[in-house]
Amino acid sequence: MRTETPPLIRLEDYRPSDFLIDRVDLDIRLDPHATRVTATLALRPNPAGEPGAALHLDGDDLALVALDLDGEPLAPEAYAASPARLTLHAPPRRPFVLRVATQVDPTANTKLMGLYRTEGVYCTQCEADGFRRITYFLDRPDVMAVYTTRIEAARDEAPVLLGNGNPVEAGPVGADRHYALWHDPHPKPAYLFAIVGGRLGKVETTFTTMEGRTVACAVYVEPGKEARAAYALDAVVRSMAWDETAFGRAYDLDVFSVVAVSAFNMGAMENKGLNIFNDKYVLASPETATDADYAAIEAIIAHEYFHNWSGNRVTCRDWFQLCLKEGLTVFRDQEFSSDMRSRPVHRIAEVRGLRARQFPEDAGPLRHPVRPTAYAEINNFYTATVYDKGAEIVRMLRTLIGAPAFRVGMDRYFADNDGRAATVEDFLAAFAAVTGRDLAQFARWYERPGTPRLTARMTYDAAAARCTLRLSQSLPGAGGPLVIPVALGLVGEAGPLTGAACPALSDGVAVLDRAETELVFEGVTERPVPSLLRDFSAPVRLDLDLTDAERLRLLARDADPFNRWQAAQDVALRLILDPDAARATAFGAALKAFLDGEALRDPAFAALVLALPSEGEAADALPAEVDPDAIHRARWDLRAALGRQLRGRLERIDAALAPEAGAPYSPDAAAAGRRSLRNAALDLIAAGDPEAGAARAAERLAEATNMTDRLAALGTLSLIPGAAREAALDAFAARYADEPLVLDKWFALQATIPEPGTLERIARLQRHPAFAMTNPNRVRALVGSFAFGNPTQFARADGAGFALVGDTVAALDSANPQVAARLLTAFGSWRRLEKSRAAKAAEILNRIKAIPGLSRDVADILGRTLEGG
Ligand code: TRP
Ligand code: ZN
């Protein structure tokens, strides 16, 4: 076996475990370098497994200290132990108790999987397969057990000791140690196990569930930062209330805790009753967090909380079913945020994210079905496809069957699968049962990789007052047509044509479940513009040949806010790909009219309309031979032209939205919307007139009373080379020298400056005292922002951008393969680049490939990136 092609695990090879574990008793003695873990496992042969099979427990880097079976030590020939596995050759064919002691070093754990320490705090991360780095176990989600955990530690080192479930007892052990006992009555897979020990401050409140249970809710943070945890705690309470009203789901323990830690591989983790978070998604104050940070905190708190039902009470049978919990939970957190904020504005944000991350993934070598059929390293499948396309599938299902039936189906799903490890089939079966529909064809969405293309062509017969829409779908690969819900309407000169009738539409939605179909509208009294895929009713690429004027009619007149925004985006995208001064001026005129009519009525929406499609989106729209510099220049020129043309309007917006002196900051959606439009106006003014823009941005920087406005002004200034920019960057760093999360914004901003000098700047910043390769947030802020957010410099023609990222991947791989592999996915679109750049990317990828001893994580991404077309 060659190390560079790790073996694949396949869905078709799934079979039930030969053994089950009913109860787990853990005794964990925390120590910085020698933590003792004694696990007492109540095992029994699985009736669904192979009779008489050997018992293989998973391990990862483990050292066995002691082992006995039903209280008796095992003879050496009865078992075999290695760091990766503990085997009992002939285990009893009846229930038995195995006691396994291991010793681990949490301080040396740089992978941040299993038990580790960050800033002196002990914490765990077990999804997907970190529990096997703590003790030998059947580490698979269909093995569910009831856990009792005793944690012991030195009192001064870890005054706070937290586990899953409910606290049972606590007390001293000798003079300076103490313990806490936790019991979780809900059977769970090992990936939901967690403990925390450390010096932590907390904010707390209680929530009474609709079932009458009083829940102690707490958010734990670094002592002294308690005030910054208030918003997260409030989001916990709002999430609990919302899941009761929106889904009828109540919380099921007496305690719900969130702990913020500094070094964390991802955003957060839904461990039962003890969610552990990257502190970036907990800590917020007006001085240190932006509106976007507040929104992300709210969404991620909700996401992890919602997992309590979609993921924990109903978990996954195997990791191929990951979308069962992740796609569904993203859908649920999106609905929550839409209810807390502006639904249309949030929908636009969701789709922007999908197009920025999922569409390119689905078009490149890392593409995979929402439910993959094989993997080498499961940690590489926590992807935009599984999460975000997974959520779109749930949304389509709701659109197809209607919201009331969807709710009934969800109730059915939870009822039928509570306490079980389920599959995508189980999910769909619940909806088939309550609606009587056959969802077999719909299920293709889980199986087919790639983004379908939806093509629409309209003909209009004025004499017959009839309009015909021909819809067709295409997606390379075998498997037949998908079921595509297409929300649509017709828009006349004065607005939607309400008199037009089409029998194939139900609630404004047509269902395209064949390769093509024709929709006939009668009573169409003028030539309409079709408004298709309203609210982005399906994750497809729409091919609709409208003129700019027709699109701008949609911007002005459509009833669907999403498509109004989409129309402006489409016009702008075409102007980036194919610049034309006259058409740009017409676009500017339409934007003027739009701003005059309603900029101040819905500032958040107006800000989105003013935001041009990203350079990444423009690259994604090209067939091949992408030249990031050309895209950058075209987009830059369009911004400048619009900035000049709209200058008067932008000035007026700027003045109208100036905050009142002394007004307190509030992170609510309305206030955030006003800030976003005012900052968008500033940015466009600066694009059109850099000199005036620099002065104005410097002024705004001085006046700013919150991080949103301060960072926006700094961002505007960061695009204008000169002494003012450097002075402002230095002042910002000095002001926030002791705030790592704020310095991350400073790292990120500089890493995305689209200038050749950025490379040198990053090299300098890598030596900055606040930068650390051991903290994933720092690496993502500096190198991740560069790789994913600076297309002209990452894909520099000389290859130096690729080399910088490649060197970071190589340097990080042995310490933290998960974060290294994630960073490496930035090369996913390399084949679509113009040839000389693609050659440079290949050179760097092959250079990494030559490094001996690459992790499975990096080897897997590398292999697929180089091999896939
Ligand atoms: N299940 C987590 C979520 O989506 C994410 C997660 C998966 C994770 N694997 C992880 C977080 C590893 C941290 C580290 O909410
Ligand atoms: Zn999740």
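Residues numbered from 1 in each chain as written. Chains lettered and ligands numbered in written order. Predicted model: local features only at pLDDT ≥ 70, side-chain atom pairs only at ≥ 80, totals over all residues. Heavy atoms only, no water.

1. Let's talk about helix 9 (residues 548–557)
Part 1 of the reasoning: In terms of burial, helix 9 is largely enclosed, as 7 of its 10 residues are buried.
Part 2 of the reasoning: Buried residues of helix 9: Asp548, Glu550, Arg551, Leu552, Arg553, Leu554 and Leu555, and no others.
Part 3 of the reasoning: Elements in contact with the buried residues of helix 9: strand 27 (484–492), strand 31 (529–532), strand 32 (541–544), helix 10 (561–577), helix 11 (581–598) and helix 12 (603–610). (Buried < 20%, exposed > 50% of the residue type's maximum accessible area, 1.4 Å probe, protein only. Helix = DSSP H or I, 4+ residues; strand = E, 2+ residues; numbered from the N terminus. Contact = heavy atoms within 4.5 Å.)

2. Section: the pattern of salt bridges
Part 1 of the reasoning: Evaluated as defined, the whole model comprises 79 salt bridges.
Part 2 of the reasoning: With a shortest N-O distance of 2.8 Å, Arg213 and Asp254 are connected by a salt bridge. Of this pair, Arg213 sits in the loop between strand 17 (201–208) and strand 18 (214–221) while Asp254 is found in the loop between helix 1 (230–247) and strand 19 (255–261), placing the two residues 41 residues apart along the sequence.
Part 3 of the reasoning: Residue Arg213 is classed as partly exposed on the basis of its relative accessible area of 27%.
Part 4 of the reasoning: Glu335 is the partner of Arg343 in a salt bridge, and the nearest nitrogen-oxygen pair spans 3.1 Å.
Part 5 of the reasoning: We classify Arg343 as partly exposed; its relative accessible area is 35%.
Part 6 of the reasoning: The buried category is assigned to Glu335, whose relative accessible area is 7%.
Part 7 of the reasoning: Through salt bridges with shared partners, a single ionic network connects Glu335, Asp339, Arg343, Arg347, Glu350, Glu392, Arg395 and Arg398. (Salt bridge = Lys/Arg side-chain N within 4 Å of Asp/Glu carboxyl O.)

3. Concerning the sheet that holds strand 8 (residues 85–88)
Part 1 of the reasoning: What the 3 strands build is an open sheet, ordered 4-8-7; its pairing is antiparallel. For this open sheet the edge positions go to strand 4 (55–58) and strand 7 (79–82), each flanked by a neighbour on one side alone. Strand-to-strand twist of the sheet, defined as the mean angle between neighbouring strand axes without regard to direction, takes the value 10°.
Part 2 of the reasoning: Direction of pairing for strand 4 relative to strand 8: antiparallel, over a ladder of 4 bridges. The residue bridging Asp58 from the neighbouring strand is Arg85, located in strand 8. (Pairing = 2+ DSSP bridges. Axes fitted to C-alpha atoms, helices over the stretch in contact; angles between N-to-C directions.)

4. Quick look at the side chain of Asp139
Part 1 of the reasoning: The residue Asp139 is located in the loop between strand 11 (121–125) and strand 12 (145–154) in this model.
Part 2 of the reasoning: Not counting residues up to four positions away in its chain, the partners in contact with Asp139 are Asp58, Ala128, Asp129, Gly130, Phe131, Arg132 and Ala190.

5. Re the coordination of the zinc ion (ligand 2)
Each donor-metal-donor angle would ideally measure 109.5 degrees in four-coordinate tetrahedral geometry, or 90 or 180 degrees in six-coordinate octahedral geometry.
Part 1 of the reasoning: Only His303 (NE2), His307 (NE2) and Glu326 (OE) from the protein coordinate the zinc ion (ligand 2), and they sit 1.9 to 2.1 Å from it.
Part 2 of the reasoning: For the zinc ion (ligand 2), the donor residues sit on a single chain with the sequence spacing H-x3-H-x18-E. You can see His303 sitting in helix 2 (residues 291–306) and its partner Glu326 sitting in helix 3 (residues 322–340), a full 23 residues away along the chain.
Part 3 of the reasoning: For Glu326, a relative accessible area of 1% gives the class buried. (Donors = N, O, S within 2.8 Å, 3.2 Å for Na, K, Ca; no water.)

6. What to know about the site of ligand 1
Part 1 of the reasoning: In the region of ligand 1, 15 residues are neighbours, and Glu127, Glu270, Glu304, Glu326 and Tyr387 sit closest.
Part 2 of the reasoning: Measuring from an oxygen atom of ligand 1, one finds a backbone N or O atom of Ala268 at 3.5 Å.
Part 3 of the reasoning: For ligand 1, an oxygen atom lies 3.1 Å from a polar atom in the side chain of Glu326.
Part 4 of the reasoning: Protein contact buries 97% of the 360 Å² of open area that ligand 1 shows by itself. (Near = heavy atom within 4 Å. Polar contact = N/O pair within 3.5 Å; in protein donor to acceptor, adjacent residues only side chain to side chain. Areas by Shrake-Rupley, 256 points an atom, 1.4 Å probe, with all protein chains shown as cover.)

7. Thoughts on the pairing of strand 10 (residues 114–118)
Part 1 of the reasoning: Most of strand 10 sits inside the fold, with 4 of its 5 residues counted as buried.
Part 2 of the reasoning: Pairing of strand 10 with strand 11 involves 5 bridges; the strand directions are antiparallel. Opposite Tyr116, over in strand 11, you have Cys123 as the bridge partner.
Part 3 of the reasoning: Counting the residues between successive antiparallel strands, the hairpin from strand 10 to strand 11 contains 2 residues, one of them, Glu119, with a positive phi of roughly 50°.

8. Examining the domain arrangement of the protein chain
Part 1 of the reasoning: What the domain assignment lists for the protein chain is domain 1 (19–306), domain 2 (315–447), domain 3 (453–538), domain 4 (541–688) and domain 5 (736–869).
Part 2 of the reasoning: In this structure, domain 1 and domain 4 have C-alpha centres spaced 46 Å apart.
Part 3 of the reasoning: In this complex, domain 1 contributes 6 residues to the contact, which on the side of domain 4 involves 4 residues.
Part 4 of the reasoning: Summed over both partners, the interface of domain 1 with domain 4 buries about 380 Å², with 60% contributed by carbon and sulfur atoms.
Part 5 of the reasoning: On the domain 1 side of the interface with domain 4, the three residues burying the most area are Pro286, Asp291 and Tyr294, jointly 88% of the side's total.
Part 6 of the reasoning: Viewed at the interface, domain 4 and domain 1 are joined by 2 residue pairs in polar contact (both at pLDDT 80 or more).
Part 7 of the reasoning: Taken together, the residues that form the side of domain 1 that touches domain 4 break down as 4 nonpolar, 1 polar and 1 charged. (Domains from an automatic or database assignment. Buried area = accessible area lost by both parts, 1.4 Å probe. Nonpolar A, V, L, I, M, F, W, Y, C, P; charged D, E, K, R; others polar.)

9. Here we look at the packing of aromatic side chains
Part 1 of the reasoning: Considering all chains together, one arrives at 36 aromatic pairs under this definition.
Part 2 of the reasoning: Ring centres of Tyr413 and Phe414 lie 5.5 Å apart, and the angle between their planes is 50°; on these two criteria the pair is classed as tilted.
Part 3 of the reasoning: Classification of Phe414 by relative accessible area gives buried; the value is 1%.
Part 4 of the reasoning: Relative to Phe827, the ring of Phe794 lies with its centre 5.2 Å away and its plane at 70°, an arrangement referred to as edge-to-face. With Phe794 in helix 23 (residues 791–794) and Phe827 in the loop between helix 25 (817–824) and helix 26 (835–849), this residue pair connects regions lying 33 residues apart in the sequence. With respect to class, Phe794 is no different from Phe827; both count as buried.
Part 5 of the reasoning: A connected cluster of aromatic rings, assembled from ring pairs, spans Trp242, Phe247, Tyr251, Phe256, Tyr305, Phe306 and Phe336.
Part 6 of the reasoning: One residue, Arg117, lies across the ring of Tyr122, its end atom 5.2 Å from the ring centre.
Part 7 of the reasoning: Sitting over the ring of Trp636, Arg639 keeps its end group 5.4 Å from the ring centre. (Phe/Tyr/Trp six-rings, centres within 6.5 Å; stacked < 30°, edge-to-face > 60°. Lys NZ or Arg CZ within 6 Å of the ring centre and 35° of its normal.)

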